[in-house]
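Chain by chain, the residues run as shown.
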Amino acid sequence: ELAHAFVAEMSGGVAPRELHEGIAQLLEGRRTASADDETMRALADGRLGGVRGYYLSALAFVEDLVAQRGQGGLNELLRAMAETGDAERAFLRVYGKGQRALRAEASSRLRRRHGS
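Residues numbered from 1 in each chain as written. Predicted model: local features only at pLDDT ≥ 70, side-chain atom pairs only at ≥ 80, totals over all residues. Heavy atoms only, no water.

A closer look at the overall build of the protein
Basically, it comes down to this: Runs of E in the DSSP output that reach at least two residues are strands. Runs of H or I that reach at least four are helices, and both are numbered from the N terminus. Radius of gyration means the value over C-alpha atoms here, while the globule rule gives 2.2 Å times the residue count to the 0.38 power. A simple rule labels every residue: compare its accessible area, found with a 1.4 Å probe on the protein chains alone, to the largest value its type can have, and call it buried under 20%, exposed over 50%, or partly exposed in between.
Counting its secondary structure elements, the protein contains six helices and zero strands. The globule rule puts the C-alpha radius of gyration for 116 residues at 13 Å, and the 14 Å found for the protein is close to it. Taken along the three principal axes of its C-alpha coordinates, the protein extends 40 × 30 × 25 Å. Within the protein, the proportion of its 116 residues that are buried is 44%.

What follows is the structure, given as C-alpha cells:
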C-alpha cells in the first residue's frame, strides 16, 4: 500500500490504475520472469483473464516501460503526470507515445516472446 501512496503522490493523483498496480508489484520484487511458461503463454495469447491476468498484465506493461527508459523513465513519467495533471500527456512527453500505443506495443512484444 505504501507503493500506491508513493505513486499517487508522485503523479499528482493521475496515474492510471494499471501503472499503480504494475509499479507496486515491481517494488515488491515480483517479475514476469518468475511466472511459468504456460501462464506467460496464456497472458500473451489473451487467455489469462480475471484478477490474475490483470495484475500480471500490469506488471508486464511496467516492465516494458522500464526496459525502454529504465527506472528513471518511470520516475520522469510520474513527475510529468503531476506537472501536466494528465496521464496521457505525460506518456506522450516521456515516451513519445500515448498509453494505448505503448500498451499495444508491449502486448505485441509479449506475444512475440511468449505467444503460441
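Back to the text.
Examining the environment of Lys97
Put simply, the rule reads: We call two residues in contact whenever any of their non-hydrogen atoms come within 4.5 Å of each other.
Relative to the assigned elements, Lys97 resides in the loop between helix H5 (87–95) and helix H6 (99–114). Lys97 gets classed as partly exposed once you look at its relative accessible area, which sits at 34%. Each C-alpha atom of the pair Lys97 and Arg31 lies 24 Å from the other, and the pair is 66 residues apart in sequence. Setting aside anything within four residues of it in sequence, one finds Lys97 in contact with Phe91, Leu92, Leu102 and Glu105.

What to know about H5
Applicable threshold: As used here, the arc is the angular range of directions from the helix axis to the C-beta atoms. Between N or O atoms, a polar contact is any pair within 3.5 Å; within protein, one atom must be a potential hydrogen donor and the other a potential acceptor, and residues adjacent in sequence are included only when both atoms are from side chains.
Buried residues of H5: Ala87, Ala90, Phe91, Val94 and Tyr95, and no others. When H5 is viewed along its axis, its buried side chains cluster within an angular range of 100° and face the same direction. Those residues of H5 that are buried lie in contact with helix H2 (17–28), helix H4 (50–84) and H6. Sitting at the head of H5, Asp86 places a side-chain oxygen 3.0 Å from the backbone nitrogen of Glu88. The first or second residue beyond H5 is Gly96, which carries a positive phi of 75°.

Focus on the layout of surface pockets
For clarity, the threshold we go by: Both cavities and pockets are sets of points on a 1 Å grid over the protein atoms alone; in a cavity a 1.4 Å probe fits but cannot get out, in a pocket the set is open with protein on both sides within 12 Å along at least five of seven lines, and lining residues sit with an atom within 4 Å of a point. Grid points are joined across faces, edges and corners, and a volume is the space filled by probe spheres set on the points. Gly is put with the polar residues, along with every residue not named as nonpolar or charged; the nonpolar set is Ala, Val, Leu, Ile, Met, Phe, Trp, Tyr, Cys and Pro, and the charged set is Asp, Glu, Lys and Arg.
Of the volumes computed, that of the largest pocket is approximately 150 Å³. Contributing to the lining of the largest pocket are 13 residues, with Thr32, Ala60, Glu63, Asp64 and Arg113 lying nearest its centre. If you list the elements that add at least two residues to the lining of the largest pocket, you get H4 and H6. No other element matches H6, which puts six residues into the lining of the largest pocket. Among the residues forming the lining of the largest pocket, the class breakdown is six nonpolar, three polar and four charged.

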